[in-house]
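So you can see what is in the structure, the chains are spelled out below.
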Amino acid sequence: MVNDAGVGGGAVSAPRLHDLRHTFAVRTLLSWYRTGEDVQAKLPSLSTYLGHREPASTYWYLSAAPELLSLAAARQNTGWTAIRS
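These lines cover the structure that appears in this document, whether it is placed above or below. Bear in mind the structure is a predicted one, so any value in this text is a computation, not a measurement.

The next subject is the overall build of the protein chain. Within the protein chain, the secondary structure is distributed over five helices and zero strands. Per-residue burial for the protein chain yields a buried fraction of 24% across its 85 residues. Taking all contacts inside the protein chain whose residues are at least 6 apart in sequence as the whole, residues at least 24 apart take part in 48%. Summed over all atoms, the accessible surface of the protein chain reaches about 6200 Å², with 57% contributed by carbon and sulfur.

Here the focus is the side chain of H52. Along the chain, the position of H52 falls in the loop between α2 (39–50) and α3 (55–58). A polar atom in the side chain of H52 sits 2.7 Å from the side chain of T58. Among all residues touching H52, those that are not within four sequence positions of it are R21, S47, S57, T58 and Y61.

The next thing to look at is α2. Over its 12 residues, α2 extends 15 Å from the first C-alpha to the last, a length consistent with the 16 Å expected when each residue adds 1.5 Å. All of the buried residues along α2 are V39, L43, L46, S47 and L50. Summarising the axial view, the buried residues of α2 lie within an arc of 105 degrees, below the 170-degree limit, and thus occupy one face. Seen from the buried face of α2, the exposed residues on the opposite side, beyond 90 degrees, are A41, S45, T48 and Y49. The N-terminus of α2 is capped by D38, whose side-chain oxygen sits 3.3 Å from the backbone nitrogen of Q40. G51, located one to two residues past α2, shows a positive phi value of around 85 degrees.

About the cut-offs
Residues numbered from 1 in each chain as written. Predicted model: local features only at pLDDT ≥ 70, side-chain atom pairs only at ≥ 80, totals over all residues. Heavy atoms only, no water. Helix = DSSP H or I, 4+ residues; strand = E, 2+ residues; numbered from the N terminus. Buried < 20%, exposed > 50% of the residue type's maximum accessible area, 1.4 Å probe, protein only. Contact = heavy atoms within 4.5 Å. Areas by Shrake-Rupley, 256 points an atom, 1.4 Å probe, with all protein chains shown as cover. Polar contact = N/O pair within 3.5 Å; in protein donor to acceptor, adjacent residues only side chain to side chain. Expected span 1.5 Å × (residues − 1). Arc of directions from axis to C-beta.

Below is the structure:
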């Protein structure tokens, strides 16, 4: 089953622990954006869980995933529209 997924012993590039952390962080952030959570308020918890000293270190994940960056930008645009109104 692992070999069928392309991540077994014969894989060109085996998964690394960092890949699992990255996937977890991106999926968590995507979930928060999709459900309308206050990402700014929750980000320190995710940062702590990932072992980052500062939430700024976790912001890197926003630019690492195009879909996540798009959701963050859309929310920012919505925020600016509300402020200008």
